[in-house]
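# What the coordinates show
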Amino acid sequence: MVEMLHAKGVTAYNEPGAFILEHTIPLYESVLGADSTPMYSFFIPETKTPFMAGGPDGVIQAVENIADTFGDNEKVRFFDGHVKMLADGAIVSQLMMMRDGYLDGHHGEWIQNPDDLEAISKVFWEAGYQLHIHVNGDLGLDKVIEILKRRQAEFPRENHRTTIVHFANSADDQIEELKDLGVIVSANPYYVTGFGERWAEVGLGPERAHAMARLGPVEKAGIPVSFHSDMPIAPADPLYLVWSAVTRESLNGNALRPDLAMTVDGALRAITIEAAYSWGMEDTLGSIEVGKVANFTILDQNPYDVDPDKLKDIDVHATVFEGELFAVE
């Protein structure tokens, strides 16, 4: 995994909702924490298991125990003050909660039901945590928006950076509501590439399937957007994700709703400074500036100069991690 991520230019990644068994901790520390590993490995605690174990009164302590998994390790660690919540089901299984249901009559599912989402969000919102909320369906997003409106009404917060994770299906009216709420987006633009045409035939139909990951309107609204692969759902390849967001090209080579595409600049920001912003680390990572950590990726072509369809083909020459050069063989 380390070799693969390094070859794709990754110098830091984050797995929200990580579930790490105690007997595997030494493996994480020895491999990911090795001097030869040129990247940070960050994790965010999940909330379903802690809430089931401790309920509303004990869930914060249970999450804090998870966050302490790696102790004082700065290279391999859980974020403090961040939690992952899980609303509706996955895109692959078509268990997203959809406003207009599915063509074949099946229905979506909740991973954490709305009552639990309400209780969990209230506890962590009022404790000042940043919420990262997995949601894939437009009906699922409706429910998340309702909950966040209550949180802001009852306990107003500035710069809370609540993050919508995945953002598969949405509507224009929801984008405006997310902006008003101060919510940011961590999206998987590969949904269009990998699933757009297939889900047009199965479950969703072309109108909804081709409009998945409508990131262009999010960018135009001024909402910070970052990307993730959810490996192995999408390739763990940042430039491939940039290509997906900019071209909205399917695996068959067809552009699906190009009017919903992001700009090259917006997509490149989504794998750099906006990713750091979503972690609360924009002061140390995500751009090349005096005083920041010397982490960056050396490419063999300028992504601003190549044809957008060639973005995924740019080779990574090397990465620099904490000021040390690590060549890609």
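Overview of the structure. (Residues numbered from 1 in each chain as written. Predicted model: local features only at pLDDT ≥ 70, side-chain atom pairs only at ≥ 80, totals over all residues. Heavy atoms only, no water.)

Our next topic: the overall build of the protein chain. When helices and strands are counted, the protein chain shows 12 helices and 11 strands. Computed over the C-alpha atoms, the radius of gyration of the protein chain is 19 Å, within 12% of the 20 Å expected from 2.2 N^0.38 for a compact globule of 329 residues. In terms of overall dimensions, the protein chain has C-alpha extents of about 50 × 50 × 35 Å along its principal axes. Counting every position in the protein chain, which comprises 329 residues, the buried fraction comes to 53%. In the protein chain, the proportion of contacts linking residues at least 24 apart, taken out of those at least 6 apart, comes to 71%. In the structure as shown, the protein chain presents an accessible area of about 14600 Å², 51% of it carried by carbon and sulfur atoms. Of the side-chain charges in the protein chain, 24 are positive and 52 negative, and the distance between the mean point of each set is 5 Å. (Helix = DSSP H or I, 4+ residues; strand = E, 2+ residues; numbered from the N terminus. Rg over C-alpha atoms; globule rule 2.2 N^0.38 Å. Buried < 20%, exposed > 50% of the residue type's maximum accessible area, 1.4 Å probe, protein only. Contact = heavy atoms within 4.5 Å. Areas by Shrake-Rupley, 256 points an atom, 1.4 Å probe, with all protein chains shown as cover. Lys, Arg positive; Asp, Glu negative; His and termini not counted. Charge placed at Lys NZ, Arg CZ, Asp CG, Glu CD.)

Let's shift gears to the environment of Leu-204. Within the secondary structure layout, Leu-204 lies in the loop between α7 (190-201) and α8 (206-209). Separated by 86 residues in the primary sequence, Leu-204 and Val-290 place their C-alpha atoms 48 Å from one another. If we ignore the near neighbours within four places in the chain, the residues touching Leu-204 are Gln-94, Met-96, Met-98, Tyr-102, Leu-103, Asn-169, Trp-199, Ala-209 and Met-212.

This brings us to the sheet that holds strand β8 (residues 225-227). An order of β4-β5-β6-β7-β8 is seen for the 5 strands of this open sheet, with the pairing classed as parallel. Only two strands of the sheet have a single neighbouring strand rather than two, namely β4 (82-86) and β8. Each strand of the sheet is rotated relative to its neighbour by a mean of 25 degrees, with strand direction disregarded. Inspection of the sheet shows strand β5 (residues 130-135) paired to strand β6 (residues 163-166) by 4 bridges, in the parallel sense. Opposite Val-135, over in β6, you have His-166 as the bridge partner. (Pairing = 2+ DSSP bridges. Axes fitted to C-alpha atoms, helices over the stretch in contact; angles between N-to-C directions.)

What follows is about the nonpolar core. Counting 64 residues, the largest nonpolar core has Phe-167, Leu-215 and Phe-227 as its most contacted members. The leading source of residues in this core is helix α10 (residues 238-247), at 7 residues. If we ignore the near neighbours within four places in the chain, the residues touching Phe-227 are Ser-186, Ala-187, Pro-189, Leu-215, Leu-241, Val-242, Ala-245, Met-262, Ala-267, Ala-270 and Ile-271. One finds Leu-5, Ile-25, Leu-32 and Met-39 within the second-largest nonpolar core, a separate group that totals 15 residues. (Core = buried A, V, L, I, M, F, W, Y, C linked by side-chain atoms within 4.5 Å.)

Moving on, we get to the side chain of Arg-151. With respect to the element layout, Arg-151 can be found in helix α5 (residues 138-154). Its relative accessible area of 1% is what places Arg-151 among the buried residues. At 3.1 Å, the side chain of Arg-151 forms a polar contact with the side chain of Ser-121. Other than its neighbours up to four places away in sequence, Arg-151 contacts Glu-118, Ser-121, Lys-122, Trp-125 and Pro-156. (Polar contact = N/O pair within 3.5 Å; in protein donor to acceptor, adjacent residues only side chain to side chain.)

In this section: α5. Between its first and last C-alpha, α5 extends 24 Å over 17 residues, near the 24 Å set by a 1.5 Å rise per residue. When we look at burial in α5, the residues that qualify are Asp-138, Gly-140, Leu-141, Asp-142, Val-144, Ile-145, Ile-147, Leu-148, Arg-151 and Gln-152. Buried residues along α5 sit in contact with α4 (114-126), β5, β6 and α6 (172-181). (Expected span 1.5 Å × (residues − 1).)

Let's shift gears to a nonpolar patch on the surface. Residues Met-1, Met-4 and Met-231 make up a contiguous nonpolar surface patch of about 280 Å² in total accessible area. By secondary structure assignment, the location of Met-4 is in helix α1 (residues 2-7). (Patch = residues over 30% accessible without salt bridge, like charges linked within 9 Å, V, L, I, M, F, W, Y side chains within 5 Å. Salt bridge = Lys/Arg side-chain N within 4 Å of Asp/Glu carboxyl O.)

Okay, the packing of aromatic side chains next. Using the criterion set out here, one finds 17 aromatic pairs in the structure. Both rings, one in Phe-79 and one in Trp-279, keep their centres 6.1 Å apart while their planes meet at 50 degrees; by these two values the pair is tilted. One end of the pair, Phe-79, is in the loop between β3 (76-78) and β4; the other, Trp-279, is in the loop between α12 (273-278) and β9 (296-299), and 200 residues separate them in sequence. Residue Trp-279 is classed as buried on the basis of its relative accessible area of 13%. Ring centres 6.0 Å apart and planes at 50 degrees place the aromatic pair Tyr-190 and Tyr-240 in the tilted group. Taken as a pair, Tyr-190 in helix α7 and Tyr-240 in helix α10 lie far apart in primary sequence, 50 residues in all. A relative accessible area of 12% means that Tyr-190 is categorised as buried. (Phe/Tyr/Trp six-rings, centres within 6.5 Å; stacked < 30°, edge-to-face > 60°.)

Turning next to the pairing of β5. Of all 6 residues in β5, 6 are buried, a share of seventy percent or more. By the alternation rule, side chains of β5 split into Gln-130, His-132 and His-134 and Leu-131, Ile-133 and Val-135, which are all buried. The pairing of β4 with β5 spans 5 bridges and is parallel. Considered in β5, the bridge of Leu-86 is made with His-134. As for the winding sense of the linkage, the β-α-β connection from β4 through α4 to β5 is right-handed. Following the chain from β5 across α5 to the adjacent parallel β6, one finds a crossover that is right-handed. (Right-handed = clockwise from strand over helix to strand, strands pointing away.)

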